[in-house]
Structures are given as C-alpha cells and as structure tokens.
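# Per-entry structural report
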Amino acid sequence: MTEPVAPSLAQPPLIEAAGIHTHYGASHVLHGIDFSIRAGETVALMGRNGMGKSTLIRSMLGLVRPSAGRVMVKGHDMTRAAPHLIARAGVAYVPEGRGIFPNLTVRENLIMAARAGASGQRDWTFDRVMASFPRLAERLSHGGGQLSGGEQQMLTIGRALMTNPDLLILDEATEGLAPLISREIWRIVGTIRQSGIATVLVDKNFAALSTIADRVQILVKGQTVFAASAAQLRAQPEVREAYLGV
Amino acid sequence: MELATFLIQLLNSVQYGLLLFLISSGLTLVFGIMGIINVAHGSFYMIGAYLAWSLTQTLGNFWAALALAVPIAVIIGLVLEWLVVRFLYTRDLLYQVLLTYGLILMFEELRSILWGDDVRGVNIPAALDASIRLTDTLSYPVYRLAISGVCLVVAGLMYWLIQKTRVGMTIRAGSVNREMVQSLGIDVKLIYRLVFALGVTLAALAGMIAAPVSSVFPGMGNQILIVCFVVVVIGGMGSVKGALVASLLIGLVDTFGKVLHVQIGGVHLLPELASMSVYLLMAAILLWRPEGLFGKHTG
Ligand SMILES: Nc1ncnc2c1ncn2[C@@H]1O[C@H](COP(=O)(O)OP(=O)(O)OP(=O)(O)O)[C@@H](O)[C@H]1O
Ligand SMILES: [Mg+2]
C-alpha cells in the first residue's frame, strides 16, 4: 500500500486477463485464456463461430462472471467488478448485434453516453463525433430503430467514443453489413486507432484485419491456439487455413 | 345537468384523475423500467396520508408537515429498494407479488401500531380554505384546484425529467437494454433505486395532498391500488403517457358515472353500474387494444 511506485515503470496494460475460465451453467466455454492489450495497440481476436471470442470479451467487461482467472484493468484487479466501473476505467464496448437504444433518438443515444475519459480527457465531443459520422448528423432526430444496419453500427461506435475511452472493443463490427458499408466502418476504425485509442477487434475476416491489427490472437474451443504479430499470421497460411478456414 | 354542476363535476373528475396519475405513474414506471409488479404501491399513498395527518398534528402546520413528509417518503423509497426490492429484479412475477403483498401487511400493521386504526381527518390549510363562486348556490373549493395544480406541475416535471434530461434518457435506455447502459459506465442499480424512490415519493405526495379532502383511514392504500392497476392496464403497462390519459379517462368515467347514477337512480336503473363503470371501461378498452392505449405491441 505505502510502497511508492517508481514513475519510470512502464504503464501496465489497459487490460490484462490471465487464466480466464468461464462457464454458462454446466458448459465450460473458456479454458484458461490469457489476453492483454497495451495503450495504442490494435489486437485482433479471431476464431470461427462459437469459439468463445464474445465470451472472453464479456468476461473481461464484467458482463459474464468468469469462474476462475483474473482481469486487471490498468493494473487494478477488476475481476468481478461491476460493468459500469470497468467502463469508467476507460473501456468502451461495441457489442455484437450493436446495441443502440431504439427508443431514443440518435442525438439522445449519443449525449446520454457523454463523459470525460478515465484521465479527464474530453477529446471526443458531440461535434467531433458528428464530423466523423456525417451520416448520423443528418439523422439526429430519428429514432435509433429507424436507422439502417450500417448507421446503427456507426451510432454504436460514435456513442462509445462519447465516453472518451482509452480502449475500444468492437465485437464483429461489420457483421451483416454490405461491403461498401463495411469498408466505411473499417476506415473509421482506422481513424480511431490513429487518434491513439487502443482497439480490440473481433472478427472472422482476416483480410480486413490483417492490415490494421498489430497482433492477432486466435481462439479455438475456448483456448488460445495462436498469438503473434499480424505479419507472422500473414506468413503462415496453414495456420489461417487450420483455425480460420481462409 | 346544469352548466355549473357540469363544470363542478368536470373539475372534480380532472382533480381525481390527476391524483390517480400521480400515484399510478410510479407504478407504471417501476414496471416499465425494472419489470417489477409492486402491489404495495398503494401503501405509499396511505403512508403519505398518515404522515400528513400525524405531522400536521405534531407541527401544527400542514405546510411544515408536507416539507418534512416528502423527504421522509424519499428515504422510505431508497431504503425499501435497497432492503427488499432490488432482490426482485431477477425474480419472476410470483415472487414479486408475494413479497410486495407481504409489504402491504407489514405497512398496515405498522400503521396500526404507530397511528391506530381510527379514521382521521386533516384540515384544509387556511391559506387555501376558500371557494370560488360559480353561481348563487354553487361554488368550487380552491384547495381542489390547488391539488390539480400540483399534479399538473409534477406531471410537467416528470415529462421534463424523462424526455429532456440525461437521467431520463438513461432511464428509457435502461428499460430496453440494461447491459448496454452499464457498459457505457452508468450505474444502473443507482438509477433503479432513484426511480423506485421517485415512485414511492409521488404516491406518498398524492396521499399527503389528498388527505385534507378525503379522510385518512386504514386500507385506503388498497382501495386506490386497484384503481391504479386499472389505470396502468388501460394506459399500457410501463407507459407514463398512457397512465396520464387513462387516469383522466377514469376520473371522468368514475365521476360522471356516479352523477348519472344519482340522476337515473330514481327509476332504479342499475345503480350498481356506476361503481362498475371503471371496470367496464377497462374491459372495453382491452377488447379493443389488449396491450392498453399506449402499451407496446407484443406479437
Ligand atoms: N448465454 C449463453 N448461454 C449458454 N451458452 C452460450 C451463451 N453464449 C454463448 N454460449 C456458447 O458459448 C460458446 C462460445 O460462444 P461465443 O458467443 O463466445 O462465441 P464467439 O466466438 O463469439 O462466436 P460468434 O463468432 O458466433 O460470435 C458457444 O458454444 C455458444 O453456444
Ligand atoms: Mg461472438
């Protein structure tokens, strides 16, 4: 407690999960997974359907209780912390299947989430989100439910940015979207990344992620089978073939 | 019916309807946002009325009693949510009804211990103890107008809170996707606690301001609870706007049902119909719109 921390020490990872086991009732879904991401990094979390990608994320966000293991957020143990506390530590989440509030307008969806980041930063304001998502600016008074799939995804991302996160986790950001819209989303993710926010990208599509991710971690049946740089994965088509089927 | 009599009945029905809204808005909010059916909601109305009575006795002033009773109601709401209600969010309907029914029994017993079983009355505060003359023989009490005024102000504040403030946006968002609200860094449990306390306070406030015009008696909460459930069902479970429209409708039907009964009663035309009118209205509306006037369509 009283031991002073040397300021020269490297900053702890934004999220560091160790030995995560998660069950849904009797079914054992995650079998001891390690995962970590540092400030400014982009990590791709990949794997086929049902391999546990979303479960890992939800376990780290406090939305699902891991049965064993530890989740550290910026060096603080937040293993079973309430989801809102983990969010307030600087982690934003764009869930699978989006998660806009259909009964709120686009404007309300955004401003309800607005707050300063964990270290007080206010880089992302309503105006900046508007500038980044001009399509949303045209539909501010529409109900969230009236938007197209791509617009809903932009709204969810814009809303996450309104919380001024240090880490943005996107679970299947382009799932079910037309190629043109998908490309637009990836472009936006690229700019978010450049602005210094670390990102975890969950996807099944290596082509889209290979140029943007620094590291790739692949899950098979709740276990990590590959974790290395994106360049290494590019050089190993047999790994992609075996674990991703591409 | 003479115009003045009609006007008086109209004002009465609006006042009754608005008072019903004050009580039932909390019931419908707590259901719509937390999914809780709280059959003890009427007890808060009773508690409010008894608080107004006993504090007026002690303090000798109705306004001072109100000023003290409102914060007491807020505290009761916060404590009750923390102590009991929060354990119901993940339970099904049966548990909710059983537990909140248990609360009714507890509140009635406590009321009996603290304040006795007698019927009590609260005087209309002097400042509002006047009447407005409508004709030579008919006049309307200012206090009843004041009740309507307070209810309208509260309804306006509720609208503002829910539609215009960030807390209100969070409340609405939480009613469709609780997990997402949490993931945005918002403490949903705190929001729930506040919403519950708001509902308790509104019902208690209704009891307080109604005390001078209706007597304060044991079981008054249960009587009003039934009407409030009719309001919530007619308006659509969870809809505050629906609760407002339904409250006013019931106010009209109930008041004019009684008047017509007096008039036609002479010829023995089903006097029972008057007391049933509210339920007939509910049945008719549910046949037309099973989800209520402003309820969400299901299936
Ligand atoms: N709420 C739940 N209850 C029970 N089992 C679940 C639940 N959610 C997921 N599972 C199971 O857990 C396993 C991992 O699911 P998860 O959603 O984490 O996989 P995923 O890698 O995200 O898959 P996808 O690519 O389809 O999103 C699957 O077998 C799934 O059926
Ligand atoms: Mg998934």
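Next up on the list: the interface of chain B and chain A. Contacts between the two partners involve 18 residues from chain B, matched on the other side by 23 residues from chain A. Of the roughly 1,800 Å² buried between chain B and chain A on both sides combined, carbon and sulfur atoms contribute 60%. Between chain B and chain A we count two salt bridges in total. Between Arg172 of chain B and Glu108 of chain A there is a salt bridge; the shortest N-O distance is 3.0 Å.

To continue, consider the side chain of His41 of chain B. Residue and element names in this part refer to chain B. Residue placement: His41 occurs in helix 2 (residues 41–59). His41 gets classed as buried once you look at its relative accessible area, which sits at 3%. Dropping the residues within four chain positions of it, His41 is found in contact with Ile23, Gly26, Leu27, Gly199, Ala203 and Leu225.

In this section: the pairing of strand 10 (residues 223–229) of chain A. All names here are of chain A. Relative to strand 10, strand 9 (residues 215–220) is paired through six bridges, and the arrangement is antiparallel. Of the residues in strand 10, the one forming a bridge with Val220 is Gln223. The hairpin turn running from strand 9 into strand 10, its antiparallel successor, is two residues long, and Lys221 in that turn takes a positive phi close to 45 degrees.

Residue and element names in this part refer to chain B. Tallied over the full model, the rule gives zero disulfides over all chains. Unpaired in this structure, Cys151 has its nearest cysteine sulfur neighbour in Cys228, at a distance of 12 Å. The exposure class assigned to Cys151 is buried, which follows from its relative accessible area of 0%. The buried category is assigned to Cys228, whose relative accessible area is 2%.

Once that is clear, we can look at the environment of Met154 of chain A. All names here are of chain A. In this structure, Met154 sits in helix 6 (residues 149–161). On the basis of relative accessibility, which here comes to 2%, the residue Met154 falls in the buried class. Taking the C-alpha atoms as reference, Met154 lies 31 Å from Ile20; in sequence the two are 134 residues apart. For Met154, the contacting residues outside a window of four places in its chain are Phe133, Arg135, Leu136, Glu184, Ile185 and Ile188.

The next subject is the coordination of the magnesium ion (ligand 2). Residues and elements named next belong to chain A. The protein atoms donating to the magnesium ion (ligand 2) are Ser54 (OG) and Glu96 (OE), with metal-donor distances spanning 1.9 to 2.3 Å. Here Ser54 is found in helix 1 (residues 53–60), whereas its partner Glu96 is found in the loop between strand 6 (91–94) and helix 3 (106–111), with 42 residues between them in sequence. For Ser54, a relative accessible area of 15% translates into the label buried.

A few words now on a nonpolar patch on the surface. A cluster of nonpolar residues, Leu7, Ile132, Leu134 and Leu145 of chain B, forms a patch on the protein surface that exposes about 280 Å² of accessible area. Take Leu145 of chain B: it is sitting in helix 5 (residues 142–164).

Residues and elements named next belong to chain A. Around ligand 1 lies a shell of 13 residues, among which Gly50, Lys53, Ser54, Thr55 and Glu96 are the nearest. In the environment of ligand 1, an oxygen atom lies 3.1 Å from a nitrogen or oxygen atom belonging to the side chain of Asn49. Within the side chain of Glu96, one N or O atom sits 2.4 Å away from an oxygen atom of ligand 1. Counting residues per element, the shell around ligand 1 draws most heavily on helix 1, which supplies three residues. Of the residues in the shell around ligand 1, the class split is three nonpolar, five polar and five charged.

Time to look at helix 5 of chain B. Between its first and last C-alpha, helix 5 of chain B extends 32 Å over 23 residues, near the 33 Å set by a 1.5 Å rise per residue. Taken together, the buried positions of helix 5 of chain B are occupied by Tyr143, Ile147, Ser148, Cys151, Val154, Ala155, Met158 and Ile162 of chain B.

Moving on, we come to the pattern of salt bridges. Tallying each qualifying case throughout the model produces 16 salt bridges over all chains. The salt bridge partner of Asp136 of chain B is Arg133 of chain B, with a shortest N-O separation of 3.2 Å. Considered together, Asp136 of chain B and Arg133 of chain B belong to a single accessibility category, that of exposed residues. Through salt bridges with shared partners, a single ionic network connects Arg135, Glu138, Arg139 and Glu151 of chain A.

Attention shifts here to the packing of aromatic side chains. Note on aromatic pairs: each is described by the distance of the centres and the angle between the planes. Residues and elements named next belong to chain B. The final tally for this structure, using the stated rule, is eight aromatic pairs over all chains. Centre to centre, the rings of Phe44 and Phe107 are 5.9 Å apart; their planes meet at 70 degrees, and the pair counts as edge-to-face. Here Phe44 is found in helix 2, whereas its partner Phe107 is found in helix 4 (residues 93–115), with 63 residues between them in sequence. Phe107 carries the same exposure label as Phe44, and that label is buried. Here the aromatic rings of Tyr50 and Trp53 are separated by 6.5 Å at their centres, their planes lie at 80 degrees, and the arrangement is edge-to-face. Note that Tyr50 and Trp53 are positioned in helix 2 at a spacing of three residues, about one turn of the helix.

Before going further, it helps to spend a moment on the sheet that holds strand 5 (residues 76–77) of chain A. All names here are of chain A. One open sheet accounts for four strands, arranged 2-1-4-5; its pairing is antiparallel. Only two strands of the sheet have a single partner each, and these edge strands are strand 2 (27–37) and strand 5. Looking at chain direction, strand 4 (residues 68–73) and strand 5 are connected through two bridges and run antiparallel. Looking at strand 5, one finds that Met72 is bridged to Asp77. Helix 1 rests against strand 1 (15–24), strand 2 and strand 4 of the sheet, and its axis sits at about 65 degrees to strand 2.

Turning our eyes to something else, we now look at unusual backbone geometry. Residues and elements named next belong to chain A. Despite not being glycine, Lys74 has its phi angle at roughly 50 degrees, a positive value. Within the element layout of this structure, Lys74 appears in the loop between strand 4 and strand 5. With a phi close to 50 degrees, Asn164 is a non-glycine residue in the positive phi region. Here Asn164 shows up in the loop between helix 6 and strand 7 (167–171). Residue class for Asn164 comes out buried when judged on its relative accessible area of 2%.

Reading the values: the criteria
Residues numbered from 1 in each chain as written. Chains lettered and ligands numbered in written order. Predicted model: local features only at pLDDT ≥ 70, side-chain atom pairs only at ≥ 80, totals over all residues. Heavy atoms only, no water. Contact = heavy atoms within 4.5 Å. Buried area = accessible area lost by both parts, 1.4 Å probe. Salt bridge = Lys/Arg side-chain N within 4 Å of Asp/Glu carboxyl O. Helix = DSSP H or I, 4+ residues; strand = E, 2+ residues; numbered from the N terminus. Buried < 20%, exposed > 50% of the residue type's maximum accessible area, 1.4 Å probe, protein only. Pairing = 2+ DSSP bridges. Disulfide = S-S within 2.5 Å. Donors = N, O, S within 2.8 Å, 3.2 Å for Na, K, Ca; no water. Patch = residues over 30% accessible without salt bridge, like charges linked within 9 Å, V, L, I, M, F, W, Y side chains within 5 Å. Areas by Shrake-Rupley, 256 points an atom, 1.4 Å probe, with all protein chains shown as cover. Near = heavy atom within 4 Å. Polar contact = N/O pair within 3.5 Å; in protein donor to acceptor, adjacent residues only side chain to side chain. Nonpolar A, V, L, I, M, F, W, Y, C, P; charged D, E, K, R; others polar. Expected span 1.5 Å × (residues − 1). Phe/Tyr/Trp six-rings, centres within 6.5 Å; stacked < 30°, edge-to-face > 60°. Axes fitted to C-alpha atoms, helices over the stretch in contact; angles between N-to-C directions.

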